[in-house]
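# Fold and contact review
As a plain string of letters, each chain reads:
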Amino acid sequence: RTPEQAATTHPLIVAEVVKACLEAGAKDPVVAENPCDNHQSCFRVSGIKAAAEQAGARMIALAEADEFVPVVLPGAKKLRKTAIARRILEADLLINLPIAKVHSAAKLTLAMKNHMGAVEDRFAFHKLDLHQCIADLCTRLTPQINLLDCTRVLLTRGPKGPGQVKVLDRIVAGTDQVAVDSFAAGYFGLKPADLGYLVAAREMGLGKTDLGAIRVKEIAV
């Protein structure tokens, strides 16, 4: 989809993150994606590939340019093992750059669910237990930084749309992806208890879901 249709992270945000990484001394920033549809079309229409490359990063399609490594998840309840892209596992710094939108099966796609793009067989999640598998995967994938694009959010017909879009002009940033998702659920009129993967994450001790215990600092730009 195009940036205005709010199905993908805004290319301007991707570009600014790449620039910030380079300014901080990154030698080889890589923007990795694993779309369900043809990646060449997705990269072009979304504007992300052009933005990433102009900013100084390489953009790759994980399914084409990387190998998936078998990984055992000892603390998992349903997803005991899976195959994760080597590049994701070996990254010096992993920055999670999802967009916030509704999802027909998971209710919402936020920071935690975004990691399904890092695995080889995402369809297994739907066969086992989607919400529990999302939480299980987050026992292994814990980005140092999560930047959730809420500049405009998809309210209907997610995850692909096109649907109703609401402009919020916000980014939710945090080191605790569970807390980020718990806070952002409020933009959709939902509570953490309404999302199965957040309930599972709380039970597994993966992060904070208690909104009263999450310190929120608003920064105006």
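Our structure's up above, just so we're on the same page.
One structure accompanies this document, and this report is about it.

Quick notes on the rules
Residues numbered from 1 in each chain as written. Predicted model: local features only at pLDDT ≥ 70, side-chain atom pairs only at ≥ 80, totals over all residues. Heavy atoms only, no water. Axes fitted to C-alpha atoms, helices over the stretch in contact; angles between N-to-C directions. Helix = DSSP H or I, 4+ residues; strand = E, 2+ residues; numbered from the N terminus. Parallel < 35°, antiparallel > 145°, perpendicular 65-115°, else oblique. Left-handed = near helix turned anticlockwise from the far one by under 90°. Contact = heavy atoms within 4.5 Å. Nonpolar A, V, L, I, M, F, W, Y, C, P; charged D, E, K, R; others polar. Salt bridge = Lys/Arg side-chain N within 4 Å of Asp/Glu carboxyl O. Buried < 20%, exposed > 50% of the residue type's maximum accessible area, 1.4 Å probe, protein only. Polar contact = N/O pair within 3.5 Å; in protein donor to acceptor, adjacent residues only side chain to side chain. Phe/Tyr/Trp six-rings, centres within 6.5 Å; stacked < 30°, edge-to-face > 60°.

The interhelical angle for the contact between helix H8 (residues 177-184) and helix H9 (residues 196-204), taken along N-to-C directions, is 140°, at an axis separation of 11 Å. Looking at the two axes, H8 sits oblique to H9. For the element pair H8 and H9, the recorded crossing hand is left-handed. Counting all contacts with H8, which are made through Val178, Asp181 and Ser182, the residues of H9 involved are Tyr197, Leu198 and Ala201. For the contact of H8 with H9, the class distribution of residues is 4 nonpolar, 1 polar and 1 charged.

Further remarks concern the pattern of salt bridges. All chains considered together, the criterion is met by 8 salt bridges. Between Glu53 and Lys49 there is a salt bridge, and its shortest N-O distance comes to 2.6 Å. Taken as a pair, Glu53 and Lys49 lie in helix H3 (residues 48-55) at a separation of 4 residues, close to a single helical turn. Note on Glu53: relative accessible area 39%, which makes it partly exposed. Lys78 is the salt-bridge partner of Asp129, the closest N and O atoms lying 3.5 Å from each other. With Asp129 in the loop between helix H6 (123-128) and helix H7 (130-137) and Lys78 in the loop between strand E3 (68-72) and strand E4 (81-85), the pair connects residues that are 51 residues apart, well separated along the chain. Lys78 gets classed as partly exposed once you look at its relative accessible area, which sits at 40%. Sharing partners across several salt bridges, the network here consists of Glu67, Arg86 and Glu90.

Here we come to the side chain of His131. Mapped onto the secondary structure, His131 falls in helix H7. At 3.1 Å, the side chain of His131 and the backbone nitrogen of Tyr197 are in polar contact. The residues touching His131, leaving out its near neighbours within four places in the chain, are Ala105, Ala106, Leu195, Gly196 and Tyr197.

The relative placement of two aromatic rings is captured by the distance of their centres and the angle of their planes. In this structure the tally under the stated criterion is 1 aromatic pair. Here the aromatic rings of Phe183 and Tyr187 are separated by 5.8 Å at their centres, their planes lie at 80°, and the arrangement is edge-to-face.

At their nearest, the axes of H7 and H9 sit 8 Å apart, and the two run at 45° to each other. The angle between the axes of H7 and H9 places the two elements in the oblique class. H7 and H9 meet at a crossing whose hand is right-handed. Every residue of H9 that contacts H7 at His131, Gln132, Ile134, Ala135 and Asp136 is listed here: Gly196, Tyr197, Ala200, Ala201 and Met204.

Fair warning: the whole summary comes from geometry, so function is off the table for now.
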